[in-house]
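Listed below are the residues making up each chain.
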Amino acid sequence: MTHIFMITGNKNGCEIVYSQNQEIKTSVSQCKASKMIYQMARAHYRPVMPTVNLIKKMYGYSQKVPVLIEYNRILFFPTISMRDPSCCWINYYCVTDIKGNKEKTEITFCEYSIVQRKHAQQWSCVLPIDKRVIKKQMKRCHEIHSCFRGDKIIELVEDNIISNI
C-alpha cells in the first residue's frame, strides 16, 4: 500500500514523498503542488473546492484550509498560502511527532494504519516553519477528522451545493 507523507512545491513543480512496500520514495512532477492535490482528489471522486468551501464555512477558516481527500488516509494541510508555489502539503494521518521552534520544525511521519503504527516505516524532515503553525494545522485537521466520518462529507458537500442552487 502507498502512503503519501507530503507534497513539497517549488518553482519547477512539486516533489511527492511517499512510502511503498516499507520503502521511502520520492517522485517529481512538473505540475504545482496545489494542482497535484486537485488531481488526487479527482482520482478519489472528491470535489475539492466545494469541500474546501464547506470546511471554511463550518469552521470559519479564511486561509490555509486543510483538504480532505480520503477519510482515514489522506487529509492534507498547507504550511503556507495554498497559492504559494513553495507550499508544502502534509498528510495529517501520517504525522506522528512534531519538534521544533520558531525557525524550524522537524516532522516525523509513519505509514498510517488504523490498527497500529508500530513496525511501520518512519521518516522525518525539517521544514523552515514555526512549530506553532504545524500544531495549529494539526488541530484543524483533528477537528475535521472528528466531524467527517466516512462519506458524510460527500453528503454535506452535495447538500450545500444543492442548497446554493
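Please read all numbers here as calculations on a predicted model, not as lab measurements.

**Section: the side chain of asparagine 91**
Structurally, the position occupied by asparagine 91 is in strand 6 (residues 88-91). Here leucine 75 takes part through its backbone nitrogen, which lies 3.2 Å from a polar atom of the side chain of asparagine 91. Setting aside its immediate chain neighbours within four residues, asparagine 91 contacts Ile4, Phe5, Arg73, Ile74, Leu75 and Phe76.

**As for the sheet that holds strand 7 (residues 95-100)**
Pairing is antiparallel across the open sheet formed by three strands, whose spatial order is 7-8-9. Only two strands of the sheet have a single partner each, and these edge strands are strand 7 and strand 9 (122-127). With strand direction ignored, the average angle separating the axes of adjacent strands in the sheet is 15°. Bridging between strand 7 and strand 8 (residues 105-110) involves five bridges; their strand directions are antiparallel. Following the sheet pairing, glycine 100 is matched in strand 8 by threonine 105. Where helix 3 (residues 131-147) meets the sheet, its contacts fall on strand 7 and strand 8, and the angle it forms with strand 7 comes to roughly 155°.

**Here we look at the pairing of strand 4 (residues 67-70)**
Pairing geometry for strand 4 and strand 5 (residues 74-78), over three bridges, is antiparallel. Paired with leucine 68 across the bridge in strand 5 is leucine 75. What sits between strand 4 and strand 5 in their antiparallel hairpin is a turn of three residues, with asparagine 72 showing a positive phi close to 70°.

**Things to note about the layout of surface pockets**
Of the volumes computed, that of the largest pocket is approximately 290 Å³. Along its surface, the largest pocket is lined by 15 residues, and Tyr38, Met49, Val52, Met82 and Arg83 are the ones closest to its centre. Among the secondary structure elements, those contributing two or more residues to the lining of the largest pocket are helix 1 (33-43) and helix 2 (48-59). Broken down by element, the residue count for the lining of the largest pocket peaks at four residues, all from helix 2. Here the residues of the lining of the largest pocket are counted per class, giving eight nonpolar, four polar and three charged.

**Re the packing of helix 2 against helix 3**
Between helix 2 and helix 3, whose axes approach to 12 Å, the crossing angle comes to 100°. Comparing the axis directions of helix 2 and helix 3 gives the class roughly perpendicular. Touching Ile55, Met58 and Tyr59 of helix 2 are Glu143, Ile144 and Cys147, all from helix 3. When the residues that make up the contact of helix 2 with helix 3 are grouped by side-chain class, the tally is five nonpolar, no polar and one charged.

Basis of the calculations
Residues numbered from 1 in each chain as written. Predicted model: local features only at pLDDT ≥ 70, side-chain atom pairs only at ≥ 80, totals over all residues. Heavy atoms only, no water. Helix = DSSP H or I, 4+ residues; strand = E, 2+ residues; numbered from the N terminus. Polar contact = N/O pair within 3.5 Å; in protein donor to acceptor, adjacent residues only side chain to side chain. Contact = heavy atoms within 4.5 Å. Pairing = 2+ DSSP bridges. Axes fitted to C-alpha atoms, helices over the stretch in contact; angles between N-to-C directions. 1 Å grid on protein atoms, 1.4 Å probe; cavity = no way out; pocket = protein on both sides within 12 Å on 5 of 7 lines; lining within 4 Å. Points joined across faces, edges and corners; volume = space filled by probe spheres on them. Nonpolar A, V, L, I, M, F, W, Y, C, P; charged D, E, K, R; others polar. Parallel < 35°, antiparallel > 145°, perpendicular 65-115°, else oblique.

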